[in-house]
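Coordinate analysis (summary)
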Amino acid sequence: MAKQLASDLISRRNFLKGASLGVGIPVVGTVLAACGNAPATAQSPTAMPADHNMTTAPQGQAGGGMTADEMDAHHEAGIKAFLAGKETTTKGNQPLEPKMDGDVKVFELTSSVIQWEYAKDQKVEAWVYNEQLPGPVIRVTEGDKVRVVLKNQLPESTAIHFHGVLVPNNMDGVPFITQPPIKPGASFTYEFTIRNSGSHMYHSHHNATKQVGKGQLGAFIVDPKDKSKDFAYDVEHLMILNDQVGGFTINGKGFPATEPVVAKKGQKLRIRYMNEGQLIHPMHLHGLPQLVVAKDGWPLPQPYMCDTLNVAPGERWDVIVDCTEPGAWAFHCHILSHAEGDNGMFGMVTALVIQE
Amino acid sequence: MAKQLASDLISRRNFLKGASLGVGIPVVGTVLAACGNAPATAQSPTAMPADHNMTTAPQGQAGGGMTADEMDAHHEAGIKAFLAGKETTTKGNQPLEPKMDGDVKVFELTSSVIQWEYAKDQKVEAWVYNEQLPGPVIRVTEGDKVRVVLKNQLPESTAIHFHGVLVPNNMDGVPFITQPPIKPGASFTYEFTIRNSGSHMYHSHHNATKQVGKGQLGAFIVDPKDKSKDFAYDVEHLMILNDQVGGFTINGKGFPATEPVVAKKGQKLRIRYMNEGQLIHPMHLHGLPQLVVAKDGWPLPQPYMCDTLNVAPGERWDVIVDCTEPGAWAFHCHILSHAEGDNGMFGMVTALVIQE
Amino acid sequence: MAKQLASDLISRRNFLKGASLGVGIPVVGTVLAACGNAPATAQSPTAMPADHNMTTAPQGQAGGGMTADEMDAHHEAGIKAFLAGKETTTKGNQPLEPKMDGDVKVFELTSSVIQWEYAKDQKVEAWVYNEQLPGPVIRVTEGDKVRVVLKNQLPESTAIHFHGVLVPNNMDGVPFITQPPIKPGASFTYEFTIRNSGSHMYHSHHNATKQVGKGQLGAFIVDPKDKSKDFAYDVEHLMILNDQVGGFTINGKGFPATEPVVAKKGQKLRIRYMNEGQLIHPMHLHGLPQLVVAKDGWPLPQPYMCDTLNVAPGERWDVIVDCTEPGAWAFHCHILSHAEGDNGMFGMVTALVIQE
């Protein structure tokens, strides 16, 4: 068995370079295909480990209203769809380019009602910013002068709270406390100078259980002015967790329509968790520890390691993953009913794919 | 727009000195009124920011069974009621003065059943200590000799557990493990010397899902003997979170009957969170970071910053807020369904008002 | 009253030496009996503290459909059953002895369906490893070569994920991503070299909401190769928290069938919390603080103190308790509805018994 592990390593290394040898775990080759690096050459999923590690039985027994084989087929279909990618065509979290007005970065948002495809052929009414769920990513740098103009095309009044961003009180976005509500058809202009860096959010603060629940939410990321004060990382991935519109979702999509997280071996990956839902989501990454470096945008004085990070509603956490181990690593909420059912994985599931 | 922000700042500063100029955000002036600093002069809530920041539409569209204007009116009424204060006349968390028996501080508690007004004109049967919800605050100093005499006027037996306070085993308050239950009509005397400081609680430990759920709970605060070992703060605020009797409450009241947290600019505010409920409550303070300094009464060796602090049942957390930014800052549980509905904010909502 | 406390201490000390004097709190003497140190000599539970601390009333009042006395009798029966021990005969978490194949430690697991007695005379269908719930404890040392052979006798396919253990990707146990599913009747061999120490878990990663929910779970503990790098402790206790098969359980049992945690005065007790359920469980230990030393098997750079530790699904936490205070200390989930009802304590309740 010890030798077998060595051969496994070789096979794995090869397919991670592009699945060109026709050996290795085909699904991982397909993951790379989903990332645009290789054609998706479907193979029997039993190719590699089964030869050595598996002893099979003549046939499966019935269970849960399905035979074991029927159940497995459902599970496999989900994984294949995830690996093939392109389950849905829309995508949230797109960068929002500001227009410059002198030295002010102007971001334009429009709140409106659309049908959002959170999983293949499954749509739900969503109240979104700029027709995206999550809304477009606003990204600025400490010291920037920022203006956010919101046009309200919802059937209700609204307002934006910049959750975690230090702003003057009258820019805080709470109707009847810091501003009047923005009526349907009206616009409102927020303007402030950025004082703190980190992973933050923007979302409705009016009738918010409903409005945020329906999708009035997005990421507001602030890079530090002095880049040398930022955490060291090569690639980053934003993960907005939700359990409302579209059910259990990561970045507005439920598995298998979720996107894989992709990095190369040796890279340091920064993940920015944001919980816009109503439930905790303890996010478990397989195979590689997470170094927790910031809470709500504030650097932790003493980072610590974990593999399962409990993210509560309204919280943001930044972690760094040192991508030492190639492969496709499952990555999901560990409240298992947010991630898997009799018909396979769904909801808050993705994978970290580390390419050699 | 840049100039407008400057004028905003001036307006804000003026009304925060007492709303005497008749300009500024009127609701914040009203907040100060609620704090007893200025008359509540009702003004259009659109006075300040709307002139410059708002572009209005001719009329609102229908939404959620109400027009947008009808919905906004409900929301505004809640905020106004909060700002006006005095929604309810009763108040929990009152200091309990001990009687001295030699060098022993004697605290007398009576458990009884009352009707508790958790929000205006909304009462619920509550099982309380000394007719308060939360019960009166027991506050002592490390090294104190303490006696707590409980008289049980409930229809069930009971017992008190001093949650977090280090006591001898036979004073731990668990019927049939450390003491007999205290029958209806009976009294029991707890006596111990205080060994640890911090933010603690006392509550029933008999049929506790029901008894704590109905209100058998209160704060037990221990100041360190050596004050120089305490955290530096100017003002403090106790926040007992609950999700049982009276629904979602802070200190026994649901918004708008909750009390604002009040501090002056430049002060360091200590908040003592205690969760006596059955659910987590991630508490989000707008506008100012929270420095987390203690967990369950024990100082953290390495305080850290956040804006949303997840408080689980049974936990206590101490945070320090450096009150640098004047204004009325929303402060609420970020499980939004604990805080807001179609008819406006309710439950676990208050505001931190920082006066200049 | 001060003198009374002194006499309490004497009584307590005596019974903690074995209840041999026939004085002291009898229930605690019974706890020791449950630990095999003394005969369970039933006495009136009012013996000690009532004499001095209790003032009784002529009779209890009705409450909750029962009289107070009836309710107390239910509560007392539960405590007595817990103290007497042996509520159920089966036990999970048994050490799994490996067979040696050269320098490889071989652990054999069989998944099968049984009836599990989670509380006295209460059985439930469970999908277990080696007929135990939790499954047997796999315990190895950093650097060990480990082989785990799983034989699947479930009606569904399955696979094992070694949650927290660093393994090569193809040993990660996720069907259709890293391996084929293990069909009913089939076997699969996992093999890897242990790279990280700590408190980890193994469980199904196929149809996992159901399979882990039904009991496909166990502890995987890795001792550091260099023992001097481990935390200092004298005794340890594993606590696998669950809220699925059998309801609210600790180590597969609900109170009063749970086992007490036992240590001697002066010992350092290490507790390894593991949450295999779907809900958070904030674990509250009475009487003694918990020093939190590791998260998910990774040592915290800065341990901190608490009395209530919130354990989320998939998380593991290691704490050290300095057992300075003799007695029987209640130990339970502080979501009270996981621990107590009108008929007494149930579910996630045990006690830490510190013997002199």
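Let me sum up the structure you'll find in this document. (Residues numbered from 1 in each chain as written. Chains lettered and ligands numbered in written order. Predicted model: local features only at pLDDT ≥ 70, side-chain atom pairs only at ≥ 80, totals over all residues.)

1. A closer look at the relation of the copies chain C and chain A
The following threshold applies: Each copy is superposed on the other by least squares, with the fit set by C-alpha atoms of residues at a pLDDT of at least 70 in both. We call two residues in contact if the C-beta atoms placed from their backbones are at most 7 Å apart.
Superposition record for chain C on chain A: RMSD 0.0 Å, screw rotation 120°, translation along axis 0.0 Å. Given the turn and translation reported, the copies of this chain are related as if by a three-fold rotation axis. Residue Gln-302 of chain C, judged by its C-alpha, is the member of chain C lying nearest the rotation axis, at 4.2 Å. Residue by residue, only 4% of the interface of chain C is reproduced at the interface of chain A, so the copies engage with different surfaces.

2. What about the interface of chain C and chain A?
Where interface size is given, it is often the accessible area lost as the parts come together that is meant. Heads up, the condition is: Going along the chain from the N terminus, every DSSP run of H or I of four or more residues is numbered as a helix, and every run of E of two or more is numbered as a strand. Any residue that is not Ala, Val, Leu, Ile, Met, Phe, Trp, Tyr, Cys, Pro, Asp, Glu, Lys or Arg is counted as polar, Gly included; the first ten are nonpolar and the last four charged.
With 47 residues of chain C at the contact, the number on the chain A side is 56 residues. Elements that contribute at least two residues to the side of chain C that touches chain A include exactly strand S8 (145-152), strand S10 (187-193), helix H5 (208-214) and strand S19 (298-306) of chain C. Here the side of chain C that touches chain A is composed, by residue class, of 22 nonpolar, 15 polar and ten charged.

3. Some remarks on the environment of Ser-204 of chain C
Residues and elements named next belong to chain C. Take Ser-204: it is sitting in strand S11 (residues 198-204). Sequence-wise, Ser-204 and His-163 are 41 residues apart; in three dimensions their C-alpha atoms are separated by 9.7 Å. With sequence-adjacent residues up to four places away left out, Ser-204 is seen in contact with Thr-158, Ala-159, Ile-160, Gln-211, Val-212 and Gln-216.

4. Notes on the interface of chain C and chain B
Listed as interface residues are 55 residues of chain C and, on the opposing side, 45 residues of chain B. The greatest single-element share of the side of chain C that touches chain B, amounting to six residues, is contributed by helix H4 (residues 68-84) of chain C. Of the residues that constitute the side of chain C that touches chain B, the class distribution is 28 nonpolar, 19 polar and eight charged.

5. Re H4 of chain C
Residue and element names in this part refer to chain C. Just so we agree on the cut-off: Expected helix span is computed as 1.5 Å times (number of residues minus one). Any residue with 12 or fewer other C-beta atoms within 10 Å of its own C-beta is exposed, any with 20 or more is buried, and the rest are partly exposed; the C-beta atoms used are placed from the backbone. Directions are taken from the helix axis to each C-beta atom, and the arc is the one they span.
Counted at 1.5 Å a residue, the expected span for H4 with its 17 residues is 24 Å, and the 24 Å between its end C-alpha atoms agrees. Every buried residue of H4 is listed here: Ala-68, Met-71, Asp-72, His-75, Gly-78, Ile-79, Phe-82 and Leu-83. The arc enclosing the buried residues of H4, seen along the axis, measures out at 135°, which places them on a common side. Trailing H4 by a residue or two, Gly-85 shows a phi angle of about 70°, which is positive.

6. Quick look at the nonpolar core
One broad rule of soluble globular proteins: the nonpolar side chains tend to lie buried together. Definition in use: By our criterion, buried Ala, Val, Leu, Ile, Met, Phe, Trp, Tyr and Cys residues that link up through C-beta atoms within 7 Å make up a nonpolar core.
The biggest cluster of nonpolar side chains holds 264 residues, and the ones touching the most others in it are Tyr-273 of chain A, Tyr-273 of chain B together with Tyr-273 of chain C. Those residues within four positions of Tyr-273 of chain C in sequence are excluded, and the remaining contacts are Met-239, Leu-241, Met-283, Leu-309, Val-311, Arg-316 and Trp-317 of chain C.

Just distances and angles here, no functional claims.
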